Amino acid sequence: MPTTLRLVLFVVTLLLSCAPQNRGQQSPPPDVPIAITHATVIDATGSPAQRDTTVIIAKRTITDIGGSWAVAIPKGAVTIDARGKFLIPGLWDMHVHEIFGDWIPEEEKITPALFVLNGVTGVRDMGGDLEPLKKWRSRIAAGDLLGPRMVISGPMLDGPTPAFPSSAPIKDAADGRRVVEELKNAGADFIKIQSLVPPEGFFAATAEAKKLGITFAGHVPDRVRAVDASNAGQKSIEHLTGVFEACSTVEGELMAKPRGPGRGRFLSTYDPERARKLIDLFVKNRTWQVPTLYWEQGEWLIEKTNQGADPLIKYAPAAWRERTWPMFTREISKSWSTDPIAEREAFFQAELKMIGEMNRAGVPILAGTDTAAGVRVYPGFSLHQELGLLVKAGLSPMQALQSATSNAAKFLELADSGTIERGKRADLVLLDADPLANISNIRKISAVVLNGRYLNRGELDHLQMQIQEAAARSR
């Protein structure tokens, strides 16, 4: 071989070895039918995994599913060989904050993309700036912005002096009725309740929401009993707010104190019979629970969870790193997590136990993270951690998966989402390992199908690099 030709081949080989690898097959262009063949399908209905299965996607919809030997592949379809891989529905994070005043400024190249990177194809935004969120919601639906399907509340109903940005102050019943009507008319999908809403404002708001046919969900306010919130029709309770107060023999005493310190008192006055009655009521009223365990762990054990190097910090924009997270750390350390760490560790273990008991009794559970308000709580990545903690609390891997898929669709009353079935919207995640064998395998993502768009591992790697670059440029 001539020396010149040998040199050219060497250079080409070197360049190819240094170039980013587009692992997996070439992604099909938009609107071309896709056949994902020979996959093991975990459809999240609760049925056993379906081996050697083919799923056909056309016009953003699952049009056929069945044994790979029986399903006809449409003419012109792009075939994705998924032997040895596991197909699950796209994940939902049911408690997020995406644009939240100056605490979480608009970061369209980071936040939505982080969700997609981690297989999160839908989110319930639990409080934020309504107009920019509506724009994101519209652009994502139109395909102009890569991001998850969005269900949004807009400003949170809080007390006369709100504790957070993106909040609507409520001082009395008239305010409660007025704000609910305004948010419904402005395009909010549901109403989010915060902790400082006074009882008269809470009950007026819940009555108005019922009258207007809009869901209300969120915290049990500090001066409202969890029993009364459930009976008023609050559809979901976040962070187990009000739950341990309701299980205590001194509920009134605990409600009169600031929330945060005094976890030992919650545990020493815990009454199993009161807990059983509360759980029975939640089952009867179908009061969903979004425990945000990953956030709870980070809050109660901040000395442990916030120490050491953070391998994900490269994805955090400057506002989170330099303003919001340090502020949260100071506030939590100063006025919230002040009990002896042993008491706080015991309380977090009690939260895990409570979720296990609720799940066994039939209380419906949803997976949510409170991203990105919490320190080191990242869009997408932290949902994987949440599912692991739900399994630790006693849910089976299938139940944990359902908390972020089929349960989310049931809660949101979205007939086109949550499972892998004919006629459902094509939001899917292809995994390299079985999440039912180990829920941590949810992180081993080979590809994501977002509203019919197939993103292979190479494209996801490129997206990951773009997110990191955008975070580095943020100010």
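As the structure is a computational prediction, the values presented were derived from the model and not from experiment.

Below, the discussion takes up the overall build of the chain. Secondary structure summary: the chain contains 18 helices and 17 strands in total. Radius of gyration (C-alpha) of the chain: 23 Å, near the 23 Å computed for a compact globule of 475 residues. Expressed as lengths along the three principal axes of its C-alpha atoms, the size of the chain is roughly 90 × 50 × 45 Å. For the chain, with 475 residues in total, the buried portion stands at 56%. In the chain, the share of contacts with a sequence separation of at least 24, taken over all contacts with a separation of at least 6, comes to 74%. For the chain, the computed accessible surface area is about 19,400 Å², with 55% contributed by carbon and sulfur atoms. Each charge class in the chain can be summarised by its mean position, and for the 55 positive and 54 negative side chains these summaries are 3 Å apart.

Taking 1.5 Å per residue, 14 residues should reach 20 Å; helix α4 (residues 173-186) reaches 20 Å between its end C-alpha atoms and fits that length. Of the surrounding secondary structure, the elements contacted by the buried residues of α4 are α3 (130-142), β9 (156-158), β10 (167-169), β11 (191-193) and α5 (199-212). Capping the start of α4 is the job of one residue whose side-chain oxygen sits 3.2 Å from the backbone nitrogen of Ala174: Asp172. Of the residues flanking the end of α4, it is Gly187, one or two places downstream, whose phi is positive at about 110°.

Compared with the 24 Å implied by 1.5 Å per residue over 17 residues, the 24 Å span of helix α18 (residues 457-473) between its first and last C-alpha is a close match. All of the buried residues in α18 are Arg457, Gly458, Leu460, Leu463, Ile467, Ala470 and Ala471. Taken together, the buried residues of α18 touch α2 (111-117), α13 (318-336), β16 (445-450) and β17 (453-456). The distance from a side-chain oxygen at the start of α18 to the backbone nitrogen of Gly458 is 3.0 Å, and the residue carrying that oxygen is Asn456.

Where strand β2 (residues 50-58) meets strand β3 (residues 61-67), six bridges bridge the pair, whose relative direction is antiparallel. Note on β3: the bridge partner recorded for Thr53 is Gly67. Counted between consecutive antiparallel strands, the loop separating β2 from β3 contains two residues, among which Lys59 sits at a positive phi close to 50°.

Attention shifts here to the sheet that holds strand β7 (residues 120-125). Strands sit in the order β6-β7-β8 across an open sheet of three strands; the sheet is parallel. Where the open sheet ends on each side, the last strands, each with one partner, are β6 (91-96) and β8 (149-152). Taking each pair of neighbouring strands and ignoring which way they run, the sheet shows an average axis angle of 15°. Pairing between β7 and β8: four bridges, direction parallel. Bridging across to β8, Gly122 finds its partner in Arg149. The sheet strands contacting α3 are β7 and β8, and the helix crosses β8 at an angle near 150°.

A few words now on the confidence of the model for the chain. Per-residue confidence for the chain gives a mean pLDDT of 93; residues scoring 70 or more make up 94%. Ignoring residues within four places in sequence, the model shows residues 1-24, a span with pLDDT below 50, making eleven contacts including any to other chains.

Bringing the pattern of salt bridges into the picture now. Tallied over the entire structure, the rule returns 28 salt bridges. The partner of Arg137 in a salt bridge is Asp189, and the shortest N-O contact between them spans 2.9 Å. Taken as a pair, Arg137 in helix α3 and Asp189 in the loop between α4 and β11 lie far apart in primary sequence, 52 residues in all. A relative accessible area of 21% places Arg137 in the partly exposed class. With a closest N to O distance of 3.8 Å, Arg321 and Glu322 form a salt bridge. Taking the relative accessible area as the measure of exposure, Glu322 reaches 59% and is therefore exposed.

On to the packing of aromatic side chains, then. Where two aromatic rings form a pair, the distance of their centres and the angle of their planes describe that pair. One pass over the structure, following the stated rule, counts 15 aromatic pairs. On the basis of an interplanar angle of 40° and a centroid distance of 6.4 Å, the ring pair of Phe244 and Tyr270 is categorised as tilted. Here Phe244 is found in helix α7 (residues 243-246), whereas its partner Tyr270 is found in the loop between α9 (263-268) and α10 (272-285), with 26 residues between them in sequence. We classify Tyr270 as partly exposed; its relative accessible area is 25%. Judged by centre distance (6.1 Å) and plane angle (75°), the ring pair of Phe266 and Phe347 falls under edge-to-face.

Cut-offs and rules
- Residues numbered from 1 in each chain as written.
- Predicted model: local features only at pLDDT ≥ 70, side-chain atom pairs only at ≥ 80, totals over all residues.
- Heavy atoms only, no water.
- Helix = DSSP H or I, 4+ residues; strand = E, 2+ residues; numbered from the N terminus.
- Rg over C-alpha atoms; globule rule 2.2 N^0.38 Å.
- Buried < 20%, exposed > 50% of the residue type's maximum accessible area, 1.4 Å probe, protein only.
- Contact = heavy atoms within 4.5 Å.
- Areas by Shrake-Rupley, 256 points an atom, 1.4 Å probe, with all protein chains shown as cover.
- Lys, Arg positive; Asp, Glu negative; His and termini not counted.
- Charge placed at Lys NZ, Arg CZ, Asp CG, Glu CD.
- Expected span 1.5 Å × (residues − 1).
- Polar contact = N/O pair within 3.5 Å; in protein donor to acceptor, adjacent residues only side chain to side chain.
- Pairing = 2+ DSSP bridges.
- Axes fitted to C-alpha atoms, helices over the stretch in contact; angles between N-to-C directions.
- pLDDT = per-residue confidence, 0-100.
- Salt bridge = Lys/Arg side-chain N within 4 Å of Asp/Glu carboxyl O.
- Phe/Tyr/Trp six-rings, centres within 6.5 Å; stacked < 30°, edge-to-face > 60°.

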